[in-house]
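As a plain string of letters, each chain reads:
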Amino acid sequence: MRRQPTLAAPLFSVLLCAALVGCAPSASSGTANAQALQGPLPLGETWVIGGLDQNNNKIEGKVTLTRAPSYRDSDQRWFYGGDTGYALYYEQATGNATFRVWDVSKSGRLVACYVFRPFSADQKSYSGAGLAGTEEEIDAVFAKLSGSGTRLVGGECTLTRS
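Residues numbered from 1 in each chain as written. Predicted model: local features only at pLDDT ≥ 70, side-chain atom pairs only at ≥ 80, totals over all residues. Heavy atoms only, no water.

## Examining the packing of aromatic side chains
Ring pairs (aromatic) are described by centroid distance and by the angle formed between their planes. Under the defined criterion, the tally for this structure stands at twelve aromatic pairs. With 6.5 Å between their ring centres and 75° between their planes, Phe99 and Phe119 make a pair best called edge-to-face. One end of the pair, Phe99, is in strand β6 (residues 97-103); the other, Phe119, is in the loop between β7 (110-115) and β8 (125-133), with 20 residues separating them in the sequence. Across the pair, Phe119 and Phe99 agree in class, each one buried. Measuring from ring centre to ring centre gives 6.0 Å for Trp102 and Tyr114, while their planes differ by 80°; the resulting arrangement is edge-to-face. (Phe/Tyr/Trp six-rings, centres within 6.5 Å; stacked < 30°, edge-to-face > 60°. Helix = DSSP H or I, 4+ residues; strand = E, 2+ residues; numbered from the N terminus. Buried < 20%, exposed > 50% of the residue type's maximum accessible area, 1.4 Å probe, protein only.)

## A closer look at the pattern of salt bridges
Applying the stated criterion to the full structure yields four salt bridges. Here Arg109 ties to Asp53 by a salt bridge, and the two come within 3.4 Å at their closest N and O atoms. With a gap of 56 residues between them, Arg109 in the loop between β6 and β7 and Asp53 in the loop between β1 (46-52) and β2 (58-64) connect regions that are remote in the sequence. For Arg109, a relative accessible area of 31% translates into the label partly exposed. We classify Asp53 as buried; its relative accessible area is 1%. (Salt bridge = Lys/Arg side-chain N within 4 Å of Asp/Glu carboxyl O.)

## Considerations on the environment of Lys62
On the secondary structure map, Lys62 appears in strand β2. For the pair Lys62 and Gly50, spaced twelve residues apart in sequence, the C-alpha separation works out to 8.9 Å.

## Focus on the sheet that holds β2
The strand order across the open sheet built from nine strands is β2-β1-β9-β8-β7-β6-β5-β4-β3, with neighbouring strands paired in antiparallel fashion. The open sheet has two edge strands with one neighbour each: β2 and β3 (70-72). Taking the axes of each pair of neighbouring strands and ignoring which way they run, one obtains an average angle of 25° across the sheet. In terms of strand pairing, β3 meets strand β4 (residues 77-81) through three bridges, oriented antiparallel. Looking at the pairing, Ser70 lines up with Phe79 of β4. Those strands touched by helix α2 (residues 135-145) are β6, β7 and β8, and its axis lies near 115° from that of β8. (Pairing = 2+ DSSP bridges. Axes fitted to C-alpha atoms, helices over the stretch in contact; angles between N-to-C directions. Contact = heavy atoms within 4.5 Å.)

## Let's talk about the pairing of strand β9 (residues 156-161)
The alternating pattern of β9 places Cys157, Leu159 and Arg161 on a buried face, while none of Glu156, Thr158 and Thr160, on the opposite face, is buried. By the bridge criterion, five bridges tie β1 to β9 in an arrangement that is antiparallel. Directly across from Ile49, in β9, lies its bridge partner Leu159. Two elements, β8 and β9, share five bridges in a ladder whose sense is antiparallel. Across the sheet, Ser125 pairs through a bridge with Thr160, a residue of β9.

## Observations regarding unusual backbone geometry
Of note in the backbone geometry, Asn56 takes a positive phi value of approximately 65° without being a glycine. With respect to the element layout, Asn56 can be found in the loop between β1 and β2. Positioned with a positive phi, Gln76 is a non-glycine residue whose angle comes to about 50°. Considering the arrangement of structural elements, one finds Gln76 in the loop between β3 and β4. Since its relative accessible area comes to 29%, Gln76 is described here as partly exposed.

## Examining the confidence of the model for the protein chain
Averaged over the protein chain, the pLDDT score is 79; the fraction of residues at 70 or greater is 75%. Scored below 50 in pLDDT, residues 1-35 shows 82 contacts in the model against residues more than four places distant or in partner chains. (pLDDT = per-residue confidence, 0-100.)

Right, here's the structure in full:
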């Protein structure tokens, strides 16, 4: 499995995160068996990324979530492994949540769609912020945004599940 981009910390401070009450394991279960956990995102579904990246270039990606999620208490994060990438779902006890899907099938052009709302089983399509590039290029985008008041001009994506 490819190494995850190191975007979680800078982005986490920028995003509004939230929880789906009842999905997260208790604080004492951070080391629980991943096979026993059921997170908010359904396994086996394919997520298709389309839209534009931070430079208004076309992005495309597709990830099927194939592995049971793991949960990390320290940052209230669900991690789902997939065939060509992964999904991350961040929660907070306030009832808000964000999630993102990463297609990492091409190391020279990672593709991600960040959704700034919770997952809903009834919803098939989400709008979000699109990013693409090498890990270093994407890390540089977050470094530039972190605390600077700078905003991205491009980067609108759609994430559709089937």
